[in-house]
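# Chain and residue survey
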Amino acid sequence: MKKSAILITCPKGLAPYLKDEVAGLGLPVIEESVSGVQTEGSLGDAMRLNLFLRTGHRVLLLLEDFRSEDAEGLYSGLVKINWEDYIPEDGYLCVTAHVENPSISDSRFANLRCKDAIVDRIRDKRGRRPDSGPLRDRTVVFLYWKGSRCSIYLDTSGEPLSKRGYRKIPGEAPMQETLAAALVMASGFEGSGNFLNPHFRNPHFINPMCGSGTLAIEAALLALKKAPGLLRSNFGFMHLKGFDRGLWEGLRTEAKKASEKTFKGRIIATDINPEAVSASKQNAKTAGIERLIEFAVCDYQDTPVPDAGEGENKGVIMLNPEYGMRMGRIKELEETYKGIGDFFKHKCMGYSGYIFTGNPELAKKVGLRAKRRIPFFNSNIECRLLEYELYLGSRSGK
Ligand SMILES: C[S@@+](CC[C@H](N)C(=O)[O-])C[C@H]1O[C@@H](n2cnc3c(N)ncnc32)[C@H](O)[C@@H]1O
């Protein structure tokens, strides 16, 4: 299979995690930007990336690169591409675009010219044309046009990979699955806990204030080394001409073999809201990992924390409290953040504690010294994953 450039996009701030994942899959990291990683490979490699990546959003396979100053140049460059070999004439096409060109004031116009060129070419060669529209559940083409440089990609993901398919009930303020996966990775949680092995790392993952369960579910998937793409039945590449189903089934079998049935740590997810816990349970069930997560309805302070006390590396305890942009709630939340600090000090010794928040003023109320402040973005809000080392005798734990 022919190799070409592959651009993998990700939410702002996740590129360092994505880069590690790409390298872990044996592909070269050619370039890293704030919201993407560039590698190269075949369509088969793109399929693999779609299956295994936890922090990537869209896997874009470069089809053609050309220069164009205006919409006419765009059309004539696009109509030369042999679209009839990629897109079925009886299929459905969606074009997405990022345009920064002085001749184009509305990117929808570039989008339209791109779609016109593709369907005109297919009609000319095959006698009929695919339908087109905004749905991303079939063939998706992405146009990146900056200055005079046009790059045309096949979006092999279709729907973004953050849509794993397990979160049927989103709950209040859910975080994106890709962000949750990166937060779990940043904590170093591996789920490879083995109490007989002195080198075990972070066997337990405790998630009070679990909301819709995203952090706990991503932790369970990671602990089992289960490829998130196994949860999805539809990707953009499946709607390209000549889709190699045998190759795809082979990749799925490889992924299933690589995943483990169980692990030795515990994953505990709790929330004060019974509806959130029941949504989490349902989401975990859809993800096929509900047997690995112990759920409970309780105040975060009453969350069971196994083996807390003497020693280190008992596990990770991670909370994503509200960070209240609404006035009036702030006083209440100050108490909550202070309470989390007390909970960490009194009930979570031996753990690494984490708070994910977008409000630095509230974070100060925790009253513990953060060992690390790892930057992230939740949509456009700048956030931090604050890490507290809760070891007896350590500075932060005293
Ligand atoms: C920002 S949401 C968490 C969202 C979650 N990360 C997700 O992806 O769905 C905060 C959660 O904290 C819960 N919560 C608020 N106060 C609580 C308390 N005192 N004890 C336990 N949970 C609480 C809320 O019910 C809500 O589900």
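This structure is a prediction, so every number in the text was calculated from the model and none was measured.

## Some remarks on the site of the ligand
In the neighbourhood of the ligand, 20 residues make up the surrounding shell, with M209, G211, S212, T214 and I272 lying closest. The residue inventory of the shell around the ligand, partitioned by class, reads ten nonpolar, six polar and four charged.

## Quick look at the domain arrangement of the protein chain
Assigned domains of the protein chain: these are domain 1 (4-155) and domain 2 (177-225 + 260-390). Centre-to-centre separation of domain 1 and domain 2, based on C-alpha positions: 36 Å.

## As for the sheet that holds strand β10 (residues 267-271)
A sheet is described by the order of its strands in space; here seven strands give the open sequence β11-β10-β9-β12-β13-β15-β14, paired in mixed fashion. A strand with exactly one partner marks an edge of an open sheet, and here the two such strands are β11 (293-297) and β14 (372-378). Going across the sheet, the axis of each strand differs from the next one's by a mean of 20°, ignoring polarity. Pairing of strand β12 (residues 315-319) with strand β13 (residues 351-357), which is carried by five bridges, proceeds in the parallel orientation. Bridging across to β13, L319 finds its partner in I355.

## Looking at the nonpolar core
Membership of the largest hydrophobic core comes to 111 residues, with the highest contact counts inside it found for C114, I118, V141, L143, L183, A216 and A220. At eight residues, the largest contribution of residues to this core is made by helix α5 (residues 177-187). When residues of this core are sorted by domain, at least three fall in each of domain 1 (4-155) and domain 2 (177-225 + 260-390). Among residues more than four places away in sequence, those in contact with V141 are L93, V95, C114, I118, I152, L154 and D155.

Basis of the calculations
Residues numbered from 1 in each chain as written. Predicted model: local features only at pLDDT ≥ 70, side-chain atom pairs only at ≥ 80, totals over all residues. Near = placed C-beta within 6 Å. Nonpolar A, V, L, I, M, F, W, Y, C, P; charged D, E, K, R; others polar. Domains from an automatic or database assignment. Pairing = 2+ DSSP bridges. Helix = DSSP H or I, 4+ residues; strand = E, 2+ residues; numbered from the N terminus. Axes fitted to C-alpha atoms, helices over the stretch in contact; angles between N-to-C directions. Core = buried A, V, L, I, M, F, W, Y, C linked by C-beta atoms within 7 Å. Buried ≥ 20, exposed ≤ 12 C-beta atoms within 10 Å, placed from the backbone. Contact = placed C-beta atoms within 7 Å.

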